[in-house]
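Here are the chains, one letter per residue:
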Amino acid sequence: MSRRRVAILISGRGSNMASLIEAARAPDYPAEIALVLSNRPDAEGLERARAAGIETLAIDHKAHATRESFEQALDSALRERGIEFICLAGFMRVLTDWFVESWAGRMINIHPSLLPLFRGIHTHRRALEEGVLVHGCTVHFVVPELDAGPIVAQAAVPVVPGDTEESLAKRILVQEHLLYPKALGLICSGRARLKAGRVVFSEGWDAGGALHSPH
Ligand code: GAR
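What you are looking at is a predicted structure, and each value in this text was computed from that prediction instead of being measured.

> Could you give me a rundown of the site of the ligand, with the residues and numbers involved?
Taken together, the neighbourhood of the ligand is formed by Arg13, Gly14, Ser15, Asn16, Gly90, Met92, Ile110, His111, Pro112, Leu173 and Glu176. At a separation of 2.5 Å, an oxygen atom of the ligand approaches a polar side-chain atom of Arg13. Taking Gly14, its main chain carries an N or O atom lying 2.9 Å from an oxygen atom of the ligand. When the ligand is considered free in solution it has 440 Å² of accessible area, and contact with the protein chains removes 85% of it. Put simply, the ligand lies in the largest pocket. Of the residues contributing to the shell around the ligand, the split by class is four nonpolar, five polar and two charged.

Next up, the structure:
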């Protein structure tokens, strides 16, 4: 089996990155994590990646006068290392259309809401403000419009009385760590693929279950 060479782009603690690295340890996982790259040299996740024996690289966006020059540096670093696929995992820089289009169909992101609800930031605060009873996370292909690309996988969790941004974030993060490796695996094995701007799946599933809130 040939494993796809994946780079994970982070800006912070890197807990989703760690779940991808862990999943890719399995010999039958269809991707290898070849690089972890951060726009912040002090990102906590870089140390975690190094400790796991993964090559790391920091390209500080502040050292670049323009977004374009930062992204050129990013793009060159990825291509020089033969990277075939990108996972954004808490990467908090908006990417230009040029970069997104260069990696079209080869870049996914995890977002902490059930898209298309709550694109952008402060998703948990906004979910609580709106009073939704089900919230969650989404893995999607990246397109130029923010948090708008074809959906690969989603996980839903209930919102319960007394929830705070923190408690909700914590409950959802548990699901993010399960969902992201699953979604990357589906894509890299060819079981999920893009077709006419949608994700299509080669496998059937049991559609009998549902999450009710309150149950
Ligand atoms: C995660 O909750 C991820 O979904 C979110 O940032 C967190 C990163 O945590 N991403 C976004 O909000 C992207 N717009 P991590 O660094 O521990 O993986």
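> Pulling in residues and values, what's your account of helix H6 (residues 165-188)?
An ideal rise of 1.5 Å per residue puts 34 Å on 24 residues; H6 measures up with 33 Å between its terminal C-alpha atoms. Phi turns positive, to about 85 degrees, at Gly190, one or two residues after H6.

> Account for the pattern of salt bridges, with residues named and values stated.
For the structure on display, the rule yields 10 salt bridges. In this structure, Arg81 and Glu80 form a salt bridge, with 3.8 Å as the shortest nitrogen-oxygen distance. With relative accessibility at 21%, the residue Arg81 sits in the partly exposed group. The shortest N-O distance in the salt bridge between Glu165 and Arg125 comes to 3.1 Å. Taken as a pair, Glu165 in helix H6 and Arg125 in helix H5 (residues 123-130) lie far apart in primary sequence, 40 residues in all. Through salt bridges with shared partners, one network takes in Glu55, Glu80 and Arg81.

> Mind laying out the state of the cysteines, listing which residues take part and the relevant values?
Simply put, disulfide is the name for a covalent bond between the sulfur atoms of two cysteines. In total, this model carries zero disulfides according to the counting rule given. The thiol of Cys137 is not disulfide-bonded; the next cysteine sulfur, from Cys87, is found 14 Å away. Not engaged in a disulfide, the cysteine Cys188 finds its nearest cysteine sulfur in Cys87; these two sulfurs lie 7.1 Å apart.

> Kindly report on the sheet that holds strand E2 (residues 31-38), identifying the contributing residues and their values.
Strand-to-strand pairing in sheets goes through backbone hydrogen bonds, with the strands running parallel or antiparallel. Spatial ordering of the open sheet is given by E3-E2-E1-E4-E5-E6-E7, a layout of seven strands whose pairing is mixed. Unpaired on one side and paired on the other, strand E3 (56-58) and strand E7 (151-158) mark the two borders of the sheet. If you compare each strand with its neighbour and ignore which way they point, the axes differ by 20 degrees on average. Strands strand E1 (4-10), E2 and E3 of the sheet are contacted by helix H2 (residues 44-51), whose axis makes an angle of about 160 degrees with E3.

> Any details on the pairing of strand E9 (residues 198-201)? Residues and values, ideally.
Where strand E8 (residues 192-195) and E9 come together, four bridges link them in antiparallel fashion. The partner of Leu194 across the bridge, within E9, is Val199. The hairpin turn running from E8 into E9, its antiparallel successor, is two residues long, and Ala196 in that turn takes a positive phi close to 50 degrees.

> Report on unusual backbone geometry, specifying residues and quantitative values.
Cis geometry marks the peptide bond from Leu115 to Pro116, where omega comes out at 10 degrees. One can find Pro116 in the loop between strand E5 (107-111) and H5. Omega for the bond connecting Ser213 with Pro214 falls within 30 degrees of zero, at -5 degrees, which places this linkage in the cis form. Following the sequence through the fold, Pro214 ends up in the segment after E9. Despite not being glycine, Phe118 has its phi angle at roughly 55 degrees, a positive value. Along the chain, the position of Phe118 falls in the loop between E5 and H5. Classification of Phe118 by relative accessible area gives buried; the value is 11%.

> Pulling in residues and values, what's your account of the pairing of E2?
For E2, the tally of buried residues reaches seven of eight residues, placing the bulk of the element in the interior. Direction of pairing for E1 relative to E2: parallel, over a ladder of seven bridges. From the neighbouring strand, Ile8 faces E2, where its bridge partner is Val36. For the crossover that starts at E1, traverses helix H1 (residues 15-23) and ends in the parallel E2, the hand is right-handed. Pairing analysis gives three bridges linking E2 to E3, with the strands arranged parallel. If you follow Val36 over to E3, its bridge partner there is Thr56.

What counts and what doesn't
Residues numbered from 1 in each chain as written. Predicted model: local features only at pLDDT ≥ 70, side-chain atom pairs only at ≥ 80, totals over all residues. Heavy atoms only, no water. Near = heavy atom within 4 Å. Polar contact = N/O pair within 3.5 Å; in protein donor to acceptor, adjacent residues only side chain to side chain. Areas by Shrake-Rupley, 256 points an atom, 1.4 Å probe, with all protein chains shown as cover. 1 Å grid on protein atoms, 1.4 Å probe; cavity = no way out; pocket = protein on both sides within 12 Å on 5 of 7 lines; lining within 4 Å. Sits in = over half its atoms within 2 Å of the grid points. Nonpolar A, V, L, I, M, F, W, Y, C, P; charged D, E, K, R; others polar. Helix = DSSP H or I, 4+ residues; strand = E, 2+ residues; numbered from the N terminus. Expected span 1.5 Å × (residues − 1). Salt bridge = Lys/Arg side-chain N within 4 Å of Asp/Glu carboxyl O. Buried < 20%, exposed > 50% of the residue type's maximum accessible area, 1.4 Å probe, protein only. Disulfide = S-S within 2.5 Å. Pairing = 2+ DSSP bridges. Axes fitted to C-alpha atoms, helices over the stretch in contact; angles between N-to-C directions. Contact = heavy atoms within 4.5 Å. Right-handed = clockwise from strand over helix to strand, strands pointing away.

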